[in-house]
Structure formats: C-alpha cells, structure tokens
Amino acid sequence: MKVEQIYTGCLAQGAYYIVSENEAAIIDPLREVKPYLDRLEKDNVALKYIFETHFHADFVSGHLDLSKKTGAPIVYGPTAQPEFEAIIAEDNQIFEIGRVKIKALHTPGHTMESTTYLLIDENGVETAIFTGDTLFLGDVGRPDLAQKAGSITQEDLAGILYDSLHTKILPLDDSITVYPAHGAGSACGKNMQKETVDILGNQKKTNYALNQPDKESFIREVLDGLTAPPKYFGMNVAMNKGGYESLDTVMNKGLTPISVEDFEAYAEETGALILDTRSPGEFYKGFVPNSVNIGLKGDFAPWVGTLIVDVKHPLLLIVDEGTEEEAITRLSRVGFDHVLGYLKGGFEAWKNGGQETDEVKRISAAEFAEQFTENSKVIDVRKISEYAAEHIDNAYNKPLDLISDWVKTVDDSEHFFLHCAGGYRSMIAASILNSHGIRNFTEIDGGFNGIKKTEKFPTSDFVCQSKTL
C-alpha cells in the first residue's frame, strides 16, 4: 500500500493518491489531471475510484476530467446531488482498492454531504482518515458556507459538525493518521496549523475545537472570528456540482497569442479585464493602463477569486514569457475558465511598440522613513488580524479583500502611503486604485516587514496573531 499527499501550496490544498496492488484511488483531485495520469502510468495501475469529500468551494476539482480520461467512477458521500453520474455512498459503505479498503463515514457540518474516508490496510487495521474540510490540523471546517436562509443556520451546521466529530472521528484510535484537504493559508478555516499531516491523538490534545466542554461551547468558539468567505466560493461549488468545460478546451482557448496591435481593441470589444501576472517589482516600472497586477509568484489564484469574483468574467493576460500555461492552469483551479488569450511578446512588446504605458510610484522602506512625518497618511492593506497584531500608529487598516468597498471612499486629493506585509498585496491594491483613477499615493516596497527594520516608526504593541483571529 502507498499513500501520497500531493500538496499545492498556493491553494493550501492536499489531494491524495492511494495504491494497492494494481489499483488506485484519488481523493479530492485538483483541476489539472495530467500529474495523476502520469503517476498511474508510472505505477502501471488502474484508477478504480475518485473520491470527493464534499463539493469544494475554494477550488474546482478535477473529478470530471479525471473520470472521463480514466473511466473511474466519482464517489460522493450521502445526500450529495451532483448533476452528473456518480456513486452516492451510503454511510459506512466499503470500497475495495487492491487489498485495502476505504470506508465512507458521513460527517456533515461543514457541508451536508461532507464525508470522511477511513483507510483500512491489508491486515484490517484502520490506519488513516481523509477528512476533507471536516477536520483540519488545529481547526475544523467553517460551518457557514452551506447555510440556507429560513432552513438551516450556521449555528445548526456547527452543531451538526460537533455531532459528526464526536460520533465518527473522535472514537477512532489515537494512532490514526489525519490527512486534511487544507492547511494554513486556506480560507476554509481560521486557525490551521502549518503542518499538513498529523496523528489523531495529537489533534485530540492540541485542536481547540476538539477540546470544548460541550456542544454550546463548540458552536460559540468555532463561529467566533469567522470572516466573510470569498465571494467566488459559491461559483466554485456550482461548477463542482454542475460540471464545467474540459481543461483541455480551456487551455486551447487561453493559449491564443494576441498581437500588440490587436490587444487594446480586443479588450474594448470584449470588456475583458487585463490581468498582469508579472512580479510587483516589474509591474510598478511600467504596465498597460488599467491592467490589474496579481503576481503569479504568490497566492495568485485565491486573490484572483477574491478580487475579480465572477468566474465568467473574460480575461486577457500579460505574462512573463513561458508562464502562459501556468497562469491559465492556476486560474482554472478557481474556475476562471474565460481567458481569451495573452499579449504576444508580453509587456516588452507593448512598450517597444510605442503604446501608452503607466507606472506606480514605489519607494523603499528606508525612503519612506525619510519622507514620513506626523501628518503623513498611511493605508495598511493587510488582514485585520495582522493589523491588530502590530501596525504603525494612526495608520488606516483597509484590507485588500475589501477594496471594492473602500476604494469608493478614498480621497485622491490627499496623498497617502500604501503598504502590506512585503509588497505583494499593496501592489495589487495600487493597480486597482490606479484603474479607478486614484493616483496620489506612494507604495512601499518591503511593506511592514521592511518598515519595522528602520526602527523609526511608533507602532502598536505586538500581539500574537492567533489571539486576534
């Protein structure tokens, strides 16, 4: 038997590949299925089942493409109602893969179809659980995504989740390995540990949610401090439940080079958003007017989903040469399948073609220290929890994920400095502000991390972030 965790850091997502003898199973696959097909071919095994722990909200699963390419059936837990052919498992139903077994444990609460898969080895020993978003390391799945007005509330779901944990998971042996669907950085939980694998006994000791004295306390603590989920989550659920275009089709369409001469007209005709995926350090020096910068080397896909929201919005890309396929693949993971093409030759071709360009005023943290006065206005776009932990005194906290609201209130007549933790998020904010005609600001390279090193600025007392969630 072999169990492999295939972890994708930019999504903080874990998929799982299980092999026994000449058969395999895959749990919660990502959108692009070639890596799984390559593993199957290398191991000379047949894919027998594709298990889904629930209808994912934060990414589009590869279940449909993988099933079409391998013939393996898709398995969901009880109550799931996908709009395509699938096996709807019964609670405690057993599935055999080679000489091992996988038992479906219905664990509703995060969503009503949420299911944990229990791995039983060749000797009949229960060895691992694949918990999806039911149990994370250090946390449990947020119970506010599947609430329905007038029928079921987040409090109801939290109570159901408590029952699932206490009747299905906590009675299992302490030695069992826990394989969650997500780790630290995912918006599916609020207090996840940085590790991606643990044993159940350790989680029983260290996970705050598993150490509440009663159901009422569990409901209160699990719901406390939850921020609003990203708005694209519902669209991803709909795609996972209802189906989507093959990634092959999406790639063929998106990998269309568009000349400098046609690019601007194409953007105007289609209403496409111009998405520049270059690094902040390159973007600020020059960019196509009204383009939005979300750097590929960062939490690219989640920020695209959070800020653009509508997965059907057409996109035109500006990328570093050779990264076209990576950009389209990572967009597809969160459902943004409507990439119309990319600027042939990239920004250099645009600039060399004599087209109009724009830029962001960026300075170093050291330069900021020289220019800063007690009358300076500073906007900090980090998360509320980061700001609460430590910030420049009198700085305004305007989180990036809420920029569509606060951009309308910015007074462009008054200069301000703009920063995040390191420069990635503040350049995203800068590009969005710029596209709204707001230009009277200076962005700080190195962000708050660099600012602190100058030792010039009065800051609030540091508070551990885990206490500010």
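As a reminder, the structure under discussion sits directly above these lines.
Just so we're clear, the structure is a prediction, and the values are computed from it rather than from any experiment.

## Looking at the pattern of salt bridges
Enumeration over the complete set of coordinates arrives at 24 salt bridges. One salt bridge in this structure joins Glu32 and Arg333, with 2.4 Å as the shortest N-O distance. Of this pair, Glu32 sits in the loop between strand 3 (23-27) and helix 1 (34-43) while Arg333 sits in the loop between helix 11 (324-332) and strand 17 (339-343), and the two are 301 residues apart along the sequence. A salt bridge links Lys34 to Asp38; the shortest N-O distance between them is 2.9 Å. One end of the pair is Lys34 and the other is Asp38, both in helix 1 and four residues apart, which spans about a single turn. On the basis of relative accessible area, Asp38 is assigned to the partly exposed category, the value being 35%.

## Structural notes on the state of the cysteines
Applying the stated criterion across every chain yields a total of zero disulfides. No disulfide involves Cys188; its sulfur sits 14 Å from the nearest other cysteine sulfur, which is in Cys10. Not engaged in a disulfide, the cysteine Cys420 finds its nearest cysteine sulfur in Cys10; these two sulfurs lie 18 Å apart.

## Brief notes about a negative patch on the surface
A cluster of acidic residues, Glu261, Asp262, Glu264, Glu268, Glu269 and Glu356, forms a negative patch at the surface. Note on placement: Glu268 falls in helix 8 (residues 260-270).

## Overview of the nonpolar core
Formed by 78 residues in total, the largest nonpolar core has its most connected members in Ile294, Leu317, Leu331, Leu418 and Leu433. The element best represented in this core is helix 16 (residues 424-435), accounting for seven residues. Ignoring sequence-local partners within four residues, the contact set of Leu433 consists of Trp406, Val407, Val410, Phe416, Leu418, Ile438 and Phe441. Counting 21 residues, the second largest nonpolar core, distinct from the first, contains Leu137, Val140, Leu161 and Leu210.

## Describing helix 5 (residues 215-223)
Every buried residue of helix 5 is listed here: Ser217, Phe218, Ile219, Val222 and Leu223. On the buried face of helix 5, the contacting elements are helix 3 (154-169). For helix 5, the N-terminal cap is Asp214; the gap from its side-chain oxygen to the backbone nitrogen of Glu216 is 3.3 Å. Remark: Gly225 follows helix 5 within two positions and exhibits a positive phi of approximately 80°.

## Examining the environment of Ser151
Relative to the elements of secondary structure, Ser151 occurs in the loop between strand 10 (126-132) and helix 3. Classification of Ser151 by relative accessible area gives exposed; the value is 53%. Sequence-wise, Ser151 and Asp445 are 294 residues apart; in three dimensions their C-alpha atoms are separated by 48 Å.

## What about the sheet that holds strand 15 (residues 292-293)?
The parallel open sheet is built from five strands, whose spatial order is 13-17-16-14-15. The sheet terminates laterally at strand 13 (257-258) and strand 15, the two strands that pair on one side only. Pairing between strand 13 and strand 17: two bridges, direction parallel. Following the sheet pairing, Ile258 is matched in strand 17 by Leu343.

## Focus: the packing of aromatic side chains
Under the criterion given, the structure shown has 16 aromatic pairs. For the pair Tyr16 and Tyr179, a centre-to-centre distance of 5.1 Å together with 55° between the ring planes defines the contact as tilted. Of the two residues, Tyr16 is situated in strand 2 (residues 13-20) and Tyr179 in strand 11 (residues 177-180); the sequence distance between them amounts to 163 residues. Judged on exposure class, the residue Tyr16 and its partner Tyr179 are both buried. With centroids separated by 6.3 Å and ring planes inclined at 50°, the aromatic side chains of Tyr76 and Phe84 adopt a geometry described as tilted. Each member of the pair Tyr76 and Phe84 is classed as buried. Positioned over the ring face of Tyr244 is Arg31, at 4.4 Å from the centre of the ring. Sitting above the plane of the Tyr396 ring, Lys377 keeps its charged end 5.5 Å from the centroid.

## So, the sheet that holds strand 1 (residues 2-8)
Taking strand neighbours across the sheet as the criterion, the six strands line up as 1-2-3-4-5-6 in an open arrangement whose pairing is mixed. The two strands at the open ends of the sheet, each matched to only one other strand, are strand 1 and strand 6 (87-88). Across seven bridges, strand 1 lies against strand 2 in antiparallel orientation. Along strand 2, the bridge assignment pairs Lys2 with Val19. Its contacts with the sheet place helix 1 against strand 1, strand 2, strand 3 and strand 4 (46-51), and it is angled at close to 20° to strand 2.

## With respect to the environment of Asp412
One can find Asp412 in the loop between helix 15 (403-406) and strand 21 (416-419). For the pair Asp412 and Ile438, spaced 26 residues apart in the sequence, the C-alpha separation amounts to 5.6 Å. Here the side chain of Asp412 touches Arg439 through a polar contact of 3.0 Å, landing on its backbone nitrogen.

## What to know about helix 7 (residues 247-254)
Within helix 7 the residues assigned to the buried category are Leu247, Val250, Met251 and Gly254. Taken down its axis, helix 7 places every buried residue within 95° of arc, on the same side. Where helix 7 is buried, its residues contact helix 2 (63-70), helix 11 and strand 17.

Thresholds applied
Residues numbered from 1 in each chain as written. Predicted model: local features only at pLDDT ≥ 70, side-chain atom pairs only at ≥ 80, totals over all residues. Heavy atoms only, no water. Salt bridge = Lys/Arg side-chain N within 4 Å of Asp/Glu carboxyl O. Helix = DSSP H or I, 4+ residues; strand = E, 2+ residues; numbered from the N terminus. Buried < 20%, exposed > 50% of the residue type's maximum accessible area, 1.4 Å probe, protein only. Disulfide = S-S within 2.5 Å. Patch = residues over 30% accessible without salt bridge, like charges linked within 9 Å, V, L, I, M, F, W, Y side chains within 5 Å. Areas by Shrake-Rupley, 256 points an atom, 1.4 Å probe, with all protein chains shown as cover. Lys, Arg positive; Asp, Glu negative; His and termini not counted. Charge placed at Lys NZ, Arg CZ, Asp CG, Glu CD. Core = buried A, V, L, I, M, F, W, Y, C linked by side-chain atoms within 4.5 Å. Contact = heavy atoms within 4.5 Å. Polar contact = N/O pair within 3.5 Å; in protein donor to acceptor, adjacent residues only side chain to side chain. Pairing = 2+ DSSP bridges. Phe/Tyr/Trp six-rings, centres within 6.5 Å; stacked < 30°, edge-to-face > 60°. Lys NZ or Arg CZ within 6 Å of the ring centre and 35° of its normal. Axes fitted to C-alpha atoms, helices over the stretch in contact; angles between N-to-C directions. Arc of directions from axis to C-beta.

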